[in-house]
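Each chain is listed here by its residues.
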Amino acid sequence: MNNLPSTDLPSSAREDRVWPVVAESDHSGEASAMSSTAAGEGVAVPPPGAVTPEVSVVVNGERNTTFAAVRQQFHTYYGDHVEPLPVPDEDLAACREGRFVPPSEGWEKARQKLGDHGIVVLLAPAGSGRRTAALRLLLDLCQASKLYDLETAWTQPHTKHLQNIPAGGCLLDMSEPAEKQPKADFGRALLNWSANRKQHDSYLVVITTESAWSGPWADEARSVTVTLGSPDAKTLVERELWAHGAMHRHAILDEEVFQPIWQSAPRAEDARRLAKMIATSDDADPRRICDEYSGWTSWFENDFPDDLYDRAVFWAGALCDGGRRESVLRMSDALLTNLGDSRTPKAILSGTISSTRFANAKMKEDGERVRIAPENHGLPTAALHHLWDEFPTQRKLLTEWAVTQATELREDDATRVVDALVELAVHHRDGEILKQLRDILAPRRRSLAVRALSAATLDERFGSYVRSRLYTWLYGSPGQQVINLVAEVCGGSFGQAMPERALVRLCLASQNSAYGSEALTGALVALAQAHPLKVRSAVSAWLTEDRSRRAGLVAFIALASTATGGKLLCGENGSELENQATRLTITDCLRQALSDPDATTTADAIISLGLSR
């Protein structure tokens, strides 16, 4: 039955053409009620039991529209922006008394500067414990419920993107340089912004590196800049063992074999990794634990192949550990070819046989599968880190080789290669790997690229950077392939875990997408099934603003063309069509779609079948 409203309904102001969003629960157990409030006055929450009014718009700041809700806010961003995200409770566990170990350098100075100026810039390498230290600084001054990560999606840092930040303690990671350097007055503007917020008991901690925080703009903030050291490694391992419930293994830390580790003053990340190894290892030999912890340094000193042909097999095996013999040999030969090897088939057939090549590369064969020294746990991953660390000038060549091979191997071996590349990208914060997955892998094996990027978006070490790249990839005039790739990532595990952040990116994807994109439709439907209230509110938001109007229309047509989307827009059995605002919105969207040649066919089909079918 066709339950569409008549297209002859009278038109009204655009502000009235949004779906009413009443208190309801979606599949994630959320409940929300939209509240009416004057523009620029913040969020007015109705008292318990009050009648919930229809959705309304609150404009807060330059080019950003906020749709206020009782338990959540929906943001529509246009271009560069910063998203304030509540710090998860689990991220604060390492900051608690009894577990937190203060940095070995700069701690008291950082506390003083934050208290005096409302801002401190912590200079330290990734993995040094700087995030934990930053959260502890903020936790000493603000309630845990008022701590926020400021997730950036900007091509150039500017304080104007910080204008919608809530009161409380904020953590801004500026370790990855933006495409453009900040303007010369950025440092001074950041100090002024922080001084104003301090009057309202709000504080900012910036974490970055010496190389990223450099230039005239950084010099302006020298007065609040502190170099931070890592915490004492042995103390940190002791407390992490306690947290893992493994204090019975505490005595092993006094073994002589561990003394060089303590003397080397390892990073906090490495100390925690060592604690986890000790807590979970079945091996009672402390030397084996130390070898794995050190990345098998002694193995590379004594057993790493000298011959390039053997190294090629070894590196291919590290990327495809547990893969087929044929896959590893194909990869190694492709690398040699890329390096200029010009052997003829005759020379290859008269050369070293495969089994000897595997033996020389310290690999063990198991039928059609090969593995790198399986008795040395973690050696394949260590081999790739060793390759990236020892030959940094060849990373682009190696990345192109590995990604290209992932487009040609059988899917299970290609998956092994892609998973290894994601681990490399995360560990080394290597954006080039992500770019090659987008440009080389996605056009030929999009599902593998989606899988890889989805995993990277949720990584606690690198996820913020990857999510930012997903957004900036959509700037300008991206190709439909890039739009489809980002949409699929947003509709997968990333969108299920972080629906608000996924919807921000889907808005820009919809704005740039052609009508009828299956990838975009699939992403919106997947999110609508898991988070119907959020999707409904987001699309309402997009339709209300001129700048995102096309995004709302593309999303509406995508949803309306499916049974799941039709129910979301019209309610079960068309129940929402009794509301005039819903009817006006649908009528308006269909009128616009019918007037656009690219959308006419789909709009006709929607009308013929009935939107709430």
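Here the structure is a predicted model, which means the values were calculated and not measured.

### Topic: empty space enclosed by the protein
Turning to step 1, where the next piece is worked out: Counted according to the given criterion, the structure contains one cavity of 30 Å³ or more.
Turning to step 2, where the next piece is worked out: As a volume, the largest cavity reaches approximately 90 Å³.
Turning to step 3, where the next piece is worked out: Every residue lining the largest cavity is counted, 14 residues in all, and those nearest its centre are Phe100, Val101, Thr132, Pro231 and Arg272.
Turning to step 4, where the next piece is worked out: Mapped onto the lining of the largest cavity, the elements with two or more residues apiece are helix H2 (130-139), helix H5 (233-243) and helix H7 (268-280).
Turning to step 5, where the next piece is worked out: Across the lining of the largest cavity, the residue classes break down as eight nonpolar, three polar and three charged.

### Topic: the nonpolar core
Turning to step 1, where the next piece is worked out: Formed by 113 residues in total, the largest nonpolar core has its most connected members in Leu506 and Trp542.
Turning to step 2, where the next piece is worked out: Those residues in contact with Leu506 that lie beyond four places of it in its chain are Ala487, Cys490, Leu520, Ala523, Leu524, Leu527 and Trp542.
Turning to step 3, where the next piece is worked out: In this structure, Leu135, Leu138, Leu139 and Val205 belong to the second largest nonpolar core, which totals 24 residues.

### Some points on the pattern of salt bridges
Turning to step 1, where the next piece is worked out: Under the defined criterion, the tally for this structure stands at 38 salt bridges.
Turning to step 2, where the next piece is worked out: Between Arg505 and Glu83 there is a salt bridge; the shortest N-O distance is 3.1 Å. Taken as a pair, Arg505 in helix H22 (residues 499-512) and Glu83 in strand E6 (residues 81-86) lie far apart in primary sequence, 422 residues in all.
Turning to step 3, where the next piece is worked out: Taking relative accessible area as the criterion, Glu83 reaches 4% and is therefore assigned buried.
Turning to step 4, where the next piece is worked out: Three or more residues joined by partner-sharing salt bridges are found here, namely Glu83, Glu151, Arg467, Arg501 and Arg505.

### With respect to the confidence of the model for the protein
Turning to step 1, where the next piece is worked out: On average, residues of the protein score 85 in pLDDT, and 86% of them are at 70 or above.
Turning to step 2, where the next piece is worked out: For the stretch residues 5-17, pLDDT sits under 50, and the model shows 26 contacts to residues farther than four places along the chain or on other chains.
Turning to step 3, where the next piece is worked out: Contacts from residues 21-73, a stretch scored under 50 in pLDDT, to residues over four places away or in other chains number 118 contacts.

### Quick notes on the environment of Ala383
Turning to step 1, where the next piece is worked out: Take Ala383: it is sitting in helix H14 (residues 379-390).
Turning to step 2, where the next piece is worked out: Look at Ala383 and you get buried, because its relative accessible area is 0%.
Turning to step 3, where the next piece is worked out: Considered as a pair, Ala383 and Phe314 are 69 residues apart in the sequence and their alpha carbons are 8.4 Å apart.
Turning to step 4, where the next piece is worked out: With sequence-adjacent residues up to four places away left out, Ala383 is seen in contact with Phe300, Phe314 and Ala318.

### Details of the sheet that holds strand E9 (residues 169-173)
Turning to step 1, where the next piece is worked out: Spatially, six strands are ordered E6-E8-E9-E10-E7-E11 in an open sheet, and the strand pairing comes out mixed. Each end of this open sheet is capped by a strand with a single partner; those strands are E6 and strand E11 (225-227). For this sheet, the mean angle separating the axes of adjacent strands, direction not counted, is 25°.
Turning to step 2, where the next piece is worked out: The sheet contact formed by strand E7 (residues 119-123) and strand E10 (residues 203-208) spans five bridges and is parallel. Along E10, the bridge assignment pairs Leu123 with Thr208.

### Concerning helix H8 (residues 286-293)
Turning to step 1, where the next piece is worked out: Considered for burial, the residues of H8 that qualify are Pro286, Ile289, Cys290 and Tyr293. Relative to the axis of H8, the buried residues are bounded by an arc of 100° and lie together on one face.
Turning to step 2, where the next piece is worked out: Residue Asp285 occupies the N-cap position of H8, its side-chain oxygen lying 2.9 Å from the main-chain nitrogen of Arg287.
Turning to step 3, where the next piece is worked out: Just beyond H8, the residue with positive phi is Gly295, at close to 75°.

### A few points about the environment of Ala124
Turning to step 1, where the next piece is worked out: Note that Ala124 resides in the loop between E7 and H2.
Turning to step 2, where the next piece is worked out: Separated by 106 residues in sequence, Ala124 and Ser230 place their C-alpha atoms 8.4 Å apart.
Turning to step 3, where the next piece is worked out: If we skip the residues at most four places from it in the chain, Ala124 touches Arg130, Thr208, Thr209 and Leu228.

### A short note on the packing of helix H16 (residues 411-428) against helix H17 (residues 431-441)
Turning to step 1, where the next piece is worked out: The interhelical angle for the contact between H16 and H17, taken along N-to-C directions, is 145°, at an axis separation of 9 Å. On H17, the residues touching Val418, Leu421, Leu424 and Ala425 of H16 are Ile433, Leu434 and Leu441.

### Some thoughts on the packing of aromatic side chains
Turning to step 1, where the next piece is worked out: In the structure shown here, the tally under the stated rule is 13 aromatic pairs.
Turning to step 2, where the next piece is worked out: Centre to centre, the rings of Trp299 and Phe314 are 5.4 Å apart; their planes meet at 15°, and the pair counts as stacked. In this pair, Trp299 sits in helix H9 (residues 297-302) while Phe314 sits in helix H10 (residues 308-319), placing the two residues 15 residues apart along the sequence. Phe314 matches Trp299 in its accessibility class, with the two residues each being buried.
Turning to step 3, where the next piece is worked out: Taken together, a centroid distance of 5.9 Å and an interplanar angle of 75° make the contact between Trp315 and Phe391 edge-to-face. Of the two residues, Trp315 is situated in helix H10 and Phe391 in the loop between H14 and helix H15 (395-406); the sequence distance between them amounts to 76 residues.
Turning to step 4, where the next piece is worked out: We classify Trp315 as buried; its relative accessible area is 6%.
Turning to step 5, where the next piece is worked out: The ring of Trp473 has Arg438 lying over it, and the distance from NZ or CZ to the ring centre is 4.8 Å.
Turning to step 6, where the next piece is worked out: Positioned above the aromatic ring of Tyr515, the side-chain terminus of Arg550 is 5.2 Å from the ring centre.

What counts and what doesn't
Residues numbered from 1 in each chain as written. Predicted model: local features only at pLDDT ≥ 70, side-chain atom pairs only at ≥ 80, totals over all residues. Heavy atoms only, no water. 1 Å grid on protein atoms, 1.4 Å probe; cavity = no way out; pocket = protein on both sides within 12 Å on 5 of 7 lines; lining within 4 Å. Points joined across faces, edges and corners; volume = space filled by probe spheres on them. Helix = DSSP H or I, 4+ residues; strand = E, 2+ residues; numbered from the N terminus. Nonpolar A, V, L, I, M, F, W, Y, C, P; charged D, E, K, R; others polar. Core = buried A, V, L, I, M, F, W, Y, C linked by side-chain atoms within 4.5 Å. Buried < 20%, exposed > 50% of the residue type's maximum accessible area, 1.4 Å probe, protein only. Contact = heavy atoms within 4.5 Å. Salt bridge = Lys/Arg side-chain N within 4 Å of Asp/Glu carboxyl O. pLDDT = per-residue confidence, 0-100. Pairing = 2+ DSSP bridges. Axes fitted to C-alpha atoms, helices over the stretch in contact; angles between N-to-C directions. Arc of directions from axis to C-beta. Polar contact = N/O pair within 3.5 Å; in protein donor to acceptor, adjacent residues only side chain to side chain. Phe/Tyr/Trp six-rings, centres within 6.5 Å; stacked < 30°, edge-to-face > 60°. Lys NZ or Arg CZ within 6 Å of the ring centre and 35° of its normal.

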